[in-house]
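The lines below spell out each chain.
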Amino acid sequence: MAKSTFLSSSIAKKVAMALSGLFLITFLALHFFINLTSVFSETVFNECSHFMGYNPLIQFVMQPILVAGVIFHFVMGIVLELKNRSARPTAYVKYDGAANASWASRNMIVSGLVVLAFIGLHFYDFWVQEITYKYVNAEVVDPTRYYSELVEKFESPVRTGLYCLAFLLLSVHLWHGFSSSFQSVGFNNKYSKGVQKLGYAFAIVIPFGFIFIALYHHLLNH
């Protein structure tokens, strides 16, 4: 009975974490496409950013849900990892992880924690600055300020390098996480292979797209 309860509880937690992960993937894609406009049009980027920054639905509904989703996803990941380790009755005499699983799947907790640290820094860097601008200093609204602020963030080579490194680790995290999220919610049919390939493509295109944007603005201003 105890084993059955543990399994059902573990499955429920995996499904919950998978759903939160899929939600975060959707946000990540939206965030990428908005940032990508900065490469092609300063005006469009400013307009998109201003809309996201002042739309009540996004600010007071979606943003709190996003923050809660990030916290939930990573806390649940840590909880599941600790439960899986404690559930093993004895340590393996010899464990060859590479024979049964990829490096990405065996180190999700590592890449996840690094990505979480980056999200925390990114959140502080942009969200706190935005809140200070709008509500603390109560400055006159300037809908054209976003592009210059973005460019300024990528002036430092150290900052740009750390940003790129974080997205490399995010790519590793997504390489396993995208397809496993669909498996966790029971999506296991003839389309599974296609979803897996889509996941691999997403894990490459989106993180490396962010890296391209960072390097583009860094090199353009040097």
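All residue numbers refer to position in the chain's written sequence, counted from 1. Totals for whole chains, interfaces and linings use every residue, but because this is a predicted model, local features are given only for residues with pLDDT of at least 70 and side-chain atom pairs only at 80 or more, for both listing and counting. For side-chain calculations, the full set of non-hydrogen atoms in the structure is used, while hydrogens and water are omitted.

**Student:** For this particular structure, what's the right way to read the overall build of the chain?
**Tutor:** Across its full length, the chain carries eight helices and zero strands. A run of H or I in DSSP becomes a helix once it reaches four residues, and a run of E becomes a strand once it reaches two; helices and strands are each numbered from the N terminus. Helices and strands in the chain line up, N terminus first, as α-α-α-α-α-α-α-α. Split into buried and exposed, the 222 residues of the chain put 36% on the buried side. Pairs of residues are marked as contacts when any of their non-hydrogen atoms sit within 4.5 Å. Partitioning the intrachain contacts of the chain with sequence separation of at least 6 by distance along the chain shows that 82% fall at a separation of at least 24. Accessible surface is estimated by sampling points in the Shrake-Rupley manner with a 1.4 Å probe; for residues, cover comes only from the protein chains shown. Surface exposure of the chain reaches about 13,400 Å², of which carbon and sulfur atoms provide 70%. Any residue under 20% of the maximum accessible area for its type is buried, any over 50% is exposed, and the rest in between are partly exposed; the area is computed with a 1.4 Å probe on protein chains only.

**Student:** Mind showing me how you'd approach the side chain of Asn-46 here?
**Tutor:** Tracing the chain through its elements places Asn-46 in helix H2 (residues 42–54). A distance of 3.3 Å separates a polar side-chain atom of Asn-46 from the backbone nitrogen of Tyr-146. Once residues lying within four places of it in the same chain are set aside, the contact partners of Asn-46 are Pro-143, Thr-144, Arg-145, Tyr-146 and Tyr-147. Two N or O atoms form a polar contact when they lie within 3.5 Å of each other; inside protein one atom must be a possible hydrogen donor and the other a possible acceptor, and for residues adjacent in sequence the pair counts only when both atoms belong to side chains.

**Student:** Sorry if this is basic, but what is going on with the packing of aromatic side chains here?
**Tutor:** Where two aromatic rings form a pair, the distance of their centres and the angle of their planes describe that pair. Two rings from Phe, Tyr or Trp (for Trp, the six-membered ring) form a pair when their centres are within 6.5 Å of each other. A pair whose planes differ by under 30 degrees is stacked, one over 60 is edge-to-face, and the rest are tilted. The final tally for this structure, using the stated rule, is seven aromatic pairs. With a centroid separation of 4.5 Å and an interplanar angle of 15°, the aromatic rings of Phe-167 and Phe-210 are classed as stacked. Pair noted here: Phe-167 is in helix H7 (residues 157–184) and Phe-210 is in helix H8 (residues 192–220), with a separation of 43 residues, a long-range link. The class for Phe-167 is buried, based on a relative accessible area of 5%. These aromatic residues form a ring-pair network of at least three members: Phe-32, Phe-33, Phe-154, Tyr-163, Phe-167 and Phe-210.

**Student:** Please explain the confidence of the model for the chain as it appears in this structure.
**Tutor:** One rule of thumb: low pLDDT means the predicted coordinates there are not for detailed reading. In the predicted model, the chain carries a mean pLDDT of 79, and 77% of its residues have values of at least 70. The pLDDT value expresses, per residue, how confident the predictor is, ranging between 0 and 100. Least confident of the elements in the chain is helix H4 (residues 103–106), whose mean pLDDT is 57; most confident is H2, at 93.

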